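Observations on chain architecture
One-letter residues, chain by chain:
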Amino acid sequence: MIEILGTLVSLDLFKVFFCCDLSKCHGICCVEGDAGAPVSIEEVELLEEAVDALGDELSPEAQKIIESEGVVYPDRDGELVTQIVNGKDCIFVKHGNIEGVEGQCALCAIDSAYRCGKFHWQKPASCALYPVRLSKVGGMTAVNVHRWDVCKPARDLGKKLQMPVYKYLKEPLIRQFGEEWWKECDIAAKELKKAGYLD
């Protein structure tokens, strides 16, 4: 790991290639796994606002769960995660079509509303930053890359496009850490490549 502006950054941010390929995965990351998306305590209020803004875009099953249990619950590690429907779908999943993709995809209703200008917030940081996962190490934020079998198509496409994680996630990483942090990442990537660490 290297230190960048008070964060500990895994070299995987520069070594691992990644680019979501919805034509292959159909948004399976929003429906697979044993828990919902990790969220911070600060994001819970935004999720509740999103429920009000989205209205009937959420499935009837999701609406029932939200009404009876709220938008989040603590997972087995005590971390807050979004509620899920039928043991899989995040409550904010909606299924729909995307131009150029055969078959339906699992889409984030919050993200869709944000892109249409109907809501002011895009989605939880854990979703926007995936495959990056953040954790605390000795008072510092560690920036790691998570590997998940369902994202193999994204790693394959990323390799084909030669798109490292830090470049693929430029926009959400800047939202999380600021533009200066991302520029330092870019400089670090070039220096690491020159030194032979990224071959």
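Here we summarise the structure given alongside this text. Small disclaimer: the values here were computed from a predicted structure and weren't measured.

Calculation rules
- Residues numbered from 1 in each chain as written.
- Predicted model: local features only at pLDDT ≥ 70, side-chain atom pairs only at ≥ 80, totals over all residues.
- Heavy atoms only, no water.
- Helix = DSSP H or I, 4+ residues; strand = E, 2+ residues; numbered from the N terminus.
- Buried < 20%, exposed > 50% of the residue type's maximum accessible area, 1.4 Å probe, protein only.
- Areas by Shrake-Rupley, 256 points an atom, 1.4 Å probe, with all protein chains shown as cover.
- Lys, Arg positive; Asp, Glu negative; His and termini not counted.
- Charge placed at Lys NZ, Arg CZ, Asp CG, Glu CD.
- Expected span 1.5 Å × (residues − 1).
- Arc of directions from axis to C-beta.
- Salt bridge = Lys/Arg side-chain N within 4 Å of Asp/Glu carboxyl O.
- Polar contact = N/O pair within 3.5 Å; in protein donor to acceptor, adjacent residues only side chain to side chain.
- Contact = heavy atoms within 4.5 Å.
- Pairing = 2+ DSSP bridges.
- Axes fitted to C-alpha atoms, helices over the stretch in contact; angles between N-to-C directions.

Quick notes on the overall build of the chain
Scanning the chain for helices and strands turns up 10 helices and 10 strands. Projected onto its principal axes, the C-alpha coordinates of the chain cover approximately 55 × 40 × 35 Å. For the chain, with 199 residues in total, the buried portion stands at 42%. A total of about 11300 Å² of accessible surface is found on the chain, and carbon and sulfur atoms cover 50% of it. A gap of 9 Å separates the mean positions of the 23 positive and 32 negative side-chain charges of the chain.

Concerning the environment of Leu-58
Along the chain, Leu-58 falls in the loop between α3 (41-54) and α4 (60-69). Here Leu-58 falls in the buried class, since its relative accessible area comes to 3%. Expressed as a C-alpha distance, the spacing of Leu-58 and Pro-164, which sit 106 residues apart in the sequence, is 33 Å.

What about α3?
Taking 1.5 Å of rise per residue, the 14 residues of α3 would be expected to cover 20 Å, and the 21 Å separating its terminal C-alpha atoms lies within 8% of that figure. Within α3, the full set of buried residues consists of Glu-43, Val-44, Leu-47, Ala-50, Val-51 and Leu-54. The buried residues of α3 occupy an angular sector of 120° when the element is viewed end-on, so they sit on one face. Across α3 from its buried face, at more than 90 degrees, point the exposed residues Glu-42, Glu-45 and Asp-52. One or two positions beyond α3, positive phi appears at Gly-55, with a value near 55°.

Some details on unusual backbone geometry
Going from Tyr-130 to Pro-131, the amide bond is cis rather than trans, its omega being 20°. Of note, His-26 is a non-glycine position whose phi angle comes to about 55°, a positive value. Residue position: His-26 is located in the loop between α2 (22-25) and α3. On the basis of relative accessibility, which here comes to 24%, the residue His-26 falls in the partly exposed class. You will see that Gln-162, though not glycine, has its phi angle at about 55°, which is positive. As for its placement among the helices and strands, Gln-162 is situated in the loop between α7 (152-161) and α8 (165-168). Its relative accessible area of 51% is what places Gln-162 among the exposed residues.

Let's talk about the side chain of Asp-89
Take Asp-89: it is sitting in strand β6 (residues 89-90). This buried residue, Asp-89, is left without a salt bridge; Lys-88 holds the nearest opposite charge, at 4.3 Å. A distance of 2.9 Å separates a polar atom in the side chain of Asp-89 from a polar atom in the side chain of His-95. Among residues more than four places away in sequence, those in contact with Asp-89 are Cys-30, Val-31, Gln-83, Ile-84 and His-95.

What about the sheet that holds strand β10 (residues 140-145)?
Note: strands within a sheet are paired through backbone hydrogen bonds, in either parallel or antiparallel orientation. With mixed pairing, the 4 strands of this open sheet are ordered in space as β1-β2-β10-β9. At either margin of the open sheet sits one strand with a lone partner, and together these are β1 (2-4) and β9 (132-137). Within this sheet the neighbouring strands show an average axis-to-axis angle of 30°, counted without direction. Bridge count between β9 and β10: 6 bridges; the pairing is antiparallel. Opposite Val-137, over in β10, you have Met-140 as the bridge partner. Running at roughly 150° to β1, helix α10 (residues 179-194) makes contact with β1, β2 (7-9) and β10 of the sheet.

Observations concerning the pattern of salt bridges
Pairs can form between side chains of opposite charge whenever their charged atoms are close. Counted under the stated rule, the structure contains 7 salt bridges. For Glu-57, the salt bridge is made with Lys-94, and the minimal N-O distance between the two is 3.2 Å. Linking Glu-57 in the loop between α3 and α4 with Lys-94 in strand β7 (residues 93-96), this pair joins segments that are 37 residues apart in sequence. On the basis of relative accessibility, which here comes to 30%, the residue Glu-57 falls in the partly exposed class. Classification of Lys-94 by relative accessible area gives partly exposed; the value is 24%. Between Lys-152 and Asp-156 there is a salt bridge, and its shortest N-O distance comes to 2.9 Å. Of this pair, Lys-152 and Asp-156 both sit in helix α7, 4 residues apart, which is roughly one turn of the helix. Look at Lys-152 and you get partly exposed, because its relative accessible area is 46%.

So yeah, pure geometry; function would need other evidence.
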